[in-house]
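Fold and contact review
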Amino acid sequence: MSILDAAAEVLRCFGPERLELTVTDVVALRGAPKSSTSRLLRAMRDAGLLETVGDSKRYRPGILLFELGQSYRAGSTLVARAHDVVSAIVDRVGHTGYVSVRDGLDVMGLTYVAGRNVLRVGTPVGRRLPLTASATGRTLLARLEDHEVRALFPGALPQPSPRAPRTLDELASRLDDVRRTGFAESDGEANPGVGALASAVGDPETGEAVSLCITYPQSMVTPAERRLIIDGLLDGARGIAAIMGDARCAAVQAASRPRTQQDA
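Residues numbered from 1 in each chain as written. Predicted model: local features only at pLDDT ≥ 70, side-chain atom pairs only at ≥ 80, totals over all residues. Heavy atoms only, no water.

Before going further, it helps to examine the overall build of the protein chain. Within the protein chain one finds 10 helices and eight strands. In the protein chain, which comprises 264 residues, the proportion classed as buried is 45%. If you take every contact in the protein chain between residues at least 6 apart in sequence, the share linking residues at least 24 apart comes to 58%. Roughly 13,200 Å² of accessible area belongs to the protein chain as shown, and the carbon and sulfur atoms make up 54% of that amount. (Helix = DSSP H or I, 4+ residues; strand = E, 2+ residues; numbered from the N terminus. Buried < 20%, exposed > 50% of the residue type's maximum accessible area, 1.4 Å probe, protein only. Contact = heavy atoms within 4.5 Å. Areas by Shrake-Rupley, 256 points an atom, 1.4 Å probe, with all protein chains shown as cover.)

Here's what the structure looks like:
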């Protein structure tokens, strides 16, 4: 393993639940020797990738990573357009919105728009959710061919809740629904009591794909509000797809099919 691969592994150890790590923490998470891990963390600190927390022996991501993250968001036209769409929907409905991306077998929020409702739900930007057990993840998986999806999951699917797909066949059926309707819905799968609606769009030139998502307390959303969110996501995804030339956008494909009562 190269030093770059090792450094990337260390950075993946951080997350919303692990904002700071000691050498011992990283050793436990990576399974690497303590001596080489200690040297690696010091080298990453010296390079600006990590910084120490005061006089303690804990490390956290350095300011360089924050600056690079800001540059990534500013430099991605797709992310910026998706964020604008999500912000507009949040303004109308008051619930929380995200723009999320796929990372391996997980999906993670890249940008966040806070809702204005007194009772609102959300997860920290950067928190990972299983692709198969989230509306955002399924919209991104639906952009792949079935054989590509099956190749990603040679073993059992993650089961964060009984509502999540249990088998590849069940997952394939849900992905077909996404391709047919243009959106995915999560019903308390990753977070109990939390619902989500999402639609995905991509940039064929860069290979990027993002999912536009609105989350809400399940007990608070009305059928009319749900329809408003779906229409906003589909219209927004189609608009971005038209600009980007994204022929694989499920929202675009769904627009060419008659809408049934089940889709509504």
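Right, let's talk about the sheet that holds strand 3 (residues 96-103) for a bit. With respect to topology, six strands assemble into an open sheet ordered 5-4-3-8-7-6, the strand pairing being antiparallel. Strand pairing shows two members of the sheet lacking a second neighbour, strand 5 (128-130) and strand 6 (184-187), which therefore form its edges. Pairs of neighbouring strands in the sheet enclose a mean axial angle of 35°, with direction left out of account. Alignment of strand 7 (residues 194-203) against strand 8 (residues 208-217), held across 10 bridges, turns out to be antiparallel. Bridge pairing links A198 to C213 in strand 8. Running at roughly 15° to strand 8, helix 5 (residues 77-93) makes contact with strand 3, strand 4 (106-113), strand 7 and strand 8 of the sheet. (Pairing = 2+ DSSP bridges. Axes fitted to C-alpha atoms, helices over the stretch in contact; angles between N-to-C directions.)

On to the nonpolar core. Note that soluble globular proteins tend to have their nonpolar side chains buried in a common cluster. V201, V210, L212, I214 and I240 are the most contacted members of the largest nonpolar core, which has 29 residues in total. Elements with a minimum of two residues in this core: helix 5, strand 3, strand 4, strand 7, strand 8 and helix 9 (223-244). (Core = buried A, V, L, I, M, F, W, Y, C linked by side-chain atoms within 4.5 Å.)

Interhelical geometry of helix 1 (residues 3-13) versus helix 3 (residues 34-46) gives an angle of 85° and a closest axis separation of 11 Å. By the angle class used here, helix 1 and helix 3 are roughly perpendicular. Across the interface between the two elements, I3, A6, A7, V10 and L11 from helix 1 touch L40, L41 and M44 from helix 3. (Parallel < 35°, antiparallel > 145°, perpendicular 65-115°, else oblique.)

Time to look at helix 3. For helix 3, spanning 13 residues, the distance from its first C-alpha to its last is 18 Å, which sits close to the expected 18 Å at 1.5 Å a residue. Looking at helix 3, one finds that the buried residues are T37, S38, L40, L41 and M44. Looking straight down helix 3, one finds its buried side chains confined to an arc of 165°; they lie on one side. Projecting away from the buried face of helix 3 at angles above 90 degrees are the exposed residues R39 and D46. Those residues of helix 3 that are buried lie in contact with helix 1, helix 2 (23-30), strand 1 (50-52) and strand 2 (59-61). Phi for G48, located one or two positions after helix 3, is positive at around 90°. (Expected span 1.5 Å × (residues − 1). Arc of directions from axis to C-beta.)

Consecutive side chains along a regular strand alternate between the two faces of the sheet. Burial of strand 7 is extensive: 10 of the 10 residues sit out of reach of the surface. Burial along strand 7 is two-sided: V194, A196, A198, A200 and G202 facing one way and G195, L197, S199, V201 and D203 facing the other are all buried. Sheet topology note: the strand 6/strand 7 ladder contains four bridges and is antiparallel. Across the sheet, A184 pairs through a bridge with A198, a residue of strand 7. Connecting strand 6 to the antiparallel partner strand 7 that follows it, the hairpin turn spans six residues, and G188 within it adopts a positive phi of roughly 70°.

This model, assessed by the stated rule, comprises one aromatic pair. Centroid distance Y98 to Y112: 5.4 Å. Interplanar angle 50°. Geometry classified as tilted. Here Y98 is found in strand 3, whereas its partner Y112 is found in strand 4, with 14 residues between them in sequence. Assessed through its relative accessible area of 5%, Y98 is described here as buried. (Phe/Tyr/Trp six-rings, centres within 6.5 Å; stacked < 30°, edge-to-face > 60°.)

What follows is about the pairing of strand 8. Counting buried positions over the 10 residues of strand 8 gives nine, a clear majority of the element. Two strands pair when backbone bridges link them, and strand 3 and strand 8 are joined in this way by five bridges, in the antiparallel orientation. The residue bridging Y98 from the neighbouring strand is C213, located in strand 8.

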